[in-house]
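# Analysis of the macromolecular model
Take a look at the letters that make up each chain.
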Amino acid sequence: MAVIEAKRLSVRIPTEDGIVHAVQDVSFTVEAGQLFGIVGESGSGKSVLAQAVMGLLSGAEVTGEVLFEGVDLLALDRRELRAIRGSRIGMIFQDPLSSLHPYFSIGSQITEMIHTHERVSKLAARARAIEMLERVGIPNADERFDSYPHQFSGGMRQRVMIAMALVLRPALIIADEPTTALDVTVQAQILELLESMRREFGTTVIMITHDLGLLSSVADQVMVMYAGNRLEIGPGASIFSDPAHPYTAGLLRSSPANYEPGSELVPITGRPPSLLRLASGCVFSSRCPDAMDVCHAQRPPLRVYDDSVEVACWLEHAPSSPEPVTLAQPD
Ligand code: SF4
Ligand code: MG
């Protein structure tokens, strides 16, 4: 069963310089209980897409449909959306310091969240908040209940955010770069935590990240975005073992999470195109090692492989592998 289904979602953002085509005609379906990864460099439109889905973009023109449990989120008014946000859809943002209120204890912020959506006693809300804080690995949750966000480390704040997103048992969690600011060990722990929550509660998770390698062990489905476009979408297993799009192949070669001492990281050179103009050819053509004449002139068609992978590319064979660049080993 599909929990969320986006159909031809487009987002145009008016700016002083003109209209930014932040998301262009993106469709995807997330099945119940899946971990769905959305990956792309910064500016690829992945965060804008998530915000548009949640009705958090003001001043943007959002078109298409986003069916959540059969209801088009884009057709709801603010009040209806607020009721869904938090209770049916939980969000975890990149920066817990800006998402948690600095002047309120973490316990009061979580119970406030419960009281907004459910009629429960203060005591019951407190007990639930503490239980969830324990579940996400906050030690002495009972004592830490009255602590303020600044009294926690970055990793612990991220856990508090996850507790807050999960406490109402939403059907869907959208985690936008939940681990970017944290060190590698904490990143792994947070991912593991989200993964175990998914197993325990059957929560569907949309995980947004710029690091494709991070998703490799956890994602059922992966959607690769670039310059507002969906370039490849398919089961995690085939995306990682056999990327069909040159950009996906490039992301894999450049992923720090894939790095092993002695291996080679190959950065994707060049910059994404401006989103002020819609490209006539392939959006990746200026950086693609496999670009052909047709790529600069015409939009690539969507090809379907093995009934499960969709790729927007003219290439009829596997992407080539550019010469690796040997980087100094990190300390
Ligand atoms: Fe590269 Fe052409 Fe495929 Fe675009 S369509 S990714 S330029 S090969
Ligand atoms: Mg972002």
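Relevant structure appears above.
In this report, the structure presented in the accompanying data block is examined. (Residues numbered from 1 in each chain as written. Chains lettered and ligands numbered in written order. Predicted model: local features only at pLDDT ≥ 70, side-chain atom pairs only at ≥ 80, totals over all residues.)

Now for the sheet that holds strand 6 (residues 89-92). If you walk across this open sheet you meet the eight strands as 6-7-8-3-9-10-12-11, and the pairing is mixed. Looking at the sheet topology across the chains shown, the edges are occupied by strand 6 and strand 11 (302-305). Strand after strand, the sheet turns through a mean of 20 degrees between neighbouring axes, direction not considered. Note that strand 6 and strand 7 (residues 172-176) share four bridges and pair parallel. Residue pairing for strand 7: Ile-92 is matched across the bridge by Ala-175. (Pairing = 2+ DSSP bridges. Helix = DSSP H or I, 4+ residues; strand = E, 2+ residues; numbered from the N terminus. Axes fitted to C-alpha atoms, helices over the stretch in contact; angles between N-to-C directions.)

Right, let's talk about the nonpolar core for a bit. Among the nonpolar cores identified, the biggest contains 89 residues, and Ala-163, Val-167, Ile-206 and Val-224 are the most heavily contacted of them. Top element by residues in this core is helix 7 (residues 154-166). It accounts for eight residues. Lining this core are residues from two domains, each supplying at least three of them: domain 1 (2-88 + 171-275) and domain 2 (97-169). (Core = buried A, V, L, I, M, F, W, Y, C linked by C-beta atoms within 7 Å. Buried ≥ 20, exposed ≤ 12 C-beta atoms within 10 Å, placed from the backbone. Domains from an automatic or database assignment.)

Any two packed helices are characterised by the angle at which their axes cross and by the distance between the axes. Where helix 4 (residues 106-117) meets helix 5 (residues 122-135), the axes come as close as 9 Å, and the angle between the chain directions of the two elements is 120 degrees. In terms of axis orientation, helix 4 runs oblique to helix 5. The hand of the helix 4/helix 5 crossing is right-handed. Residues Gly-107, Ile-110, Thr-111, Ile-114 and His-115 of helix 4 form the contact with helix 5, whose own contacting residues are Ala-125, Arg-126, Arg-128 and Ala-129. By residue class, the composition of the contact of helix 4 with helix 5 is four nonpolar, three polar and two charged. (Parallel < 35°, antiparallel > 145°, perpendicular 65-115°, else oblique. Left-handed = near helix turned anticlockwise from the far one by under 90°. Contact = placed C-beta atoms within 7 Å. Nonpolar A, V, L, I, M, F, W, Y, C, P; charged D, E, K, R; others polar.)

Around ligand 1, the surrounding shell holds 14 residues, and the nearest of these are Cys-282, Cys-288, Ala-291, Cys-295 and Cys-313. Looking at the shell around ligand 1 residue by residue, the class counts come to eleven nonpolar, two polar and one charged. (Near = placed C-beta within 6 Å.)

For strand 8 (residues 204-209), the tally of buried residues reaches six of six residues, placing the bulk of the element in the interior. Burial along strand 8 is two-sided: the face carrying Thr-204, Ile-206 and Ile-208 and the face carrying Val-205, Met-207 and Thr-209 are both buried. Relative to strand 8, strand 7 runs parallel, the two sharing five bridges. Each residue of the ladder has a partner; that of Asp-176, found in strand 8, is Ile-208.

Time to look at unusual backbone geometry. Phi angles above zero are rare outside glycine, and Glu-69 is one such case at about 50 degrees. One can find Glu-69 in the loop between strand 4 (61-68) and strand 5 (71-72). C-beta crowding within 10 Å serves as the criterion here: with 16 such atoms nearby, Glu-69 is assigned to the partly exposed category.

Turning our attention to the pairing of strand 3 (residues 35-39). Within strand 3, five of the five residues are buried, which leaves the element mostly enclosed by the surrounding structure. Side-chain alternation along strand 3 places Leu-35, Gly-37 and Val-39 on one buried face and Phe-36 and Ile-38 on a second face that is also buried. Where strand 3 lies against strand 8, five bridges are found, and the strand directions are parallel. Looking at strand 8, one finds that Val-39 is bridged to Thr-209.

None of the figures reported here should be taken as evidence of function without further support.
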